[in-house]
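A look at the structure
Chain by chain, the residues run as shown.
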Amino acid sequence: MGSSEQRRPVVVLYERIVDAVQAGTYPPGSVLPSEPRLAAELGVSRPALREALLLLQEDGLLNVRRGVGRTVATRPPRRGFERLRPLEDLLGPVRVTPLVRTVEEPTDFTTQQLLTSAGAQLAFWESMLTGEGPSAVHTQEWAAPAEVLAGAHPAFAQALAEPAPGTMLSCLTGVSRGLPLTGHSALSATLLGRRRGEQLGRPADTAALLVIQSVRIGDVPVMAAKYTLPTGSSALPVLQTL
């Protein structure tokens, strides 16, 4: 058995504890149960639990206080980009300002990402995400044609007709509980350019991170997006485990 297979139960246990923290079972600042009690609650061996706890300490989710034990960090690190989550959740707290909510014909980008025909009509949302500082993030998001969503995800089609103040991905994930959504992302370096620079109040030659993301239900593309994070934006957390 390879080392990656040996570590897999520990990684799963790590994820279970993180999920429990996110759900409030072990809220920030609380003291974790003792190792024997926690192992019994989770139904796992103490050696596997101990290794998972050490990884959580290394990643900043847990602290060790002498005379107290292991405590959940008061400001646990946010879950990273390895999970399909709206950008406002990853970068929060931010305010989402809608710039455009319209319908448009496919471009070369959306034709490639959403496999659409030339005459299709796509919902298009453009937004600005701003936090406490001066920096902002620019988002462009497209949904698959209504006829595709009618078969693949009618709840998403309905939600698009009554747009909420968040991003399109927030809208999608909010109506997709239990559905097999998968995301694929590509990250590259770019410059803001004139239009995005004007929107963000930054010079056109400002360096930025461009995230291109597509979301599918099974084999059906339902959403595509471009997220532009200029230099100085909040860090995009990425959690990696072996």
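Here is what the cut-offs are and how they apply
- Here, residues in each chain are numbered from 1, in the same order as that chain's written sequence.
- Where local features are concerned, this predicted model is filtered to residues with pLDDT of at least 70; where side-chain atom pairs are given and counted, the filter is 80 or more; whole-chain, interface and lining totals use all residues.
- Think of the side-chain values as coming from all heavy atoms in the structure, minus any hydrogens and water.
- DSSP calls a pair of strands paired once it identifies at least 2 bridges connecting them.
- We count a stretch as a helix when DSSP gives it H or I for four or more residues in a row; a strand needs E for two or more, and each element gets its number in order from the N terminus.
- Axis lines are fitted to C-alpha atoms, over the contacting stretch for helices. Their N-to-C directions set the angle, which ranges from 0 to 180 degrees.
- By salt bridge we mean one thing: a side-chain nitrogen of Lys or Arg within 4 Å of a carboxyl oxygen of Asp or Glu.
- Each residue's exposure class comes from its accessible area (1.4 Å probe, protein chains only) as a fraction of the maximum for that residue type: buried when under 20%, exposed when over 50%, partly exposed otherwise.
- Pairing of aromatic side chains requires ring centres within 6.5 Å, counting the rings of Phe and Tyr and the six-membered ring of Trp. Pairs whose planes differ by under 30 degrees are stacked, by over 60 edge-to-face, and all others tilted.
- A residue's pLDDT is the predictor's confidence in that residue, given on a scale from 0 to 100.
- Residues count as neighbours in contact if any of their non-hydrogen atoms are within 4.5 Å of one another.

One open sheet accounts for six strands, arranged β3-β4-β5-β8-β7-β6; its pairing is antiparallel. The open sheet is flanked by β3 (95-104) and β6 (181-191), the only strands paired with a single partner. Neighbour-to-neighbour, the strand axes of this sheet turn through a mean angle of 15°, independent of strand direction. Alignment of β6 against strand β7 (residues 207-217), held across eleven bridges, turns out to be antiparallel. Considered in β7, the bridge of Leu187 is made with Val211.

Scanning the model with the defined rule gives six salt bridges in all. Between Glu41 and Arg37 there is a salt bridge, and its shortest N-O distance comes to 3.2 Å. Note that Glu41 and Arg37 are positioned in helix α2 (residues 35-42) at a spacing of four residues, about one turn of the helix. Judged by its relative accessible area of 41%, Glu41 falls in the partly exposed class. Note that Arg195 is salt-bridged to Glu126, the shortest N-O span being 3.0 Å. Taken together, the positions of Arg195 in helix α9 (residues 193-200) and Glu126 in strand β4 (residues 122-130) put the pair 69 residues apart, joining distant regions of the chain. Through salt bridges with shared partners, one network takes in Glu35, Arg46, Arg50 and Arg70.

A few words on the packing of aromatic side chains. Tallying each qualifying case throughout the model produces two aromatic pairs. Consider the rings of Phe109 and Trp142, whose centres lie 5.3 Å apart with planes at 55°: the pair is tilted. Of this pair, Phe109 sits in helix α5 (residues 108-114) while Trp142 sits in strand β5 (residues 136-143), placing them 33 residues apart in sequence. You can call Trp142 buried: its relative accessible area is 5%.

Here the protein chain averages 87 in pLDDT, and 93% of its residues register 70 or above. With pLDDT under 50 throughout, residues 1-7 is counted as low confidence; its partners more than four residues away or in other chains account for four contacts.

Positionally, Gly60 belongs in the loop between α3 (46-58) and β1 (62-65). Exposure remark for Gly60: the relative accessible area of 30% places this residue in the partly exposed category. Each C-alpha atom of the pair Gly60 and Val72 lies 8.9 Å from the other, and the pair is twelve residues apart in sequence.

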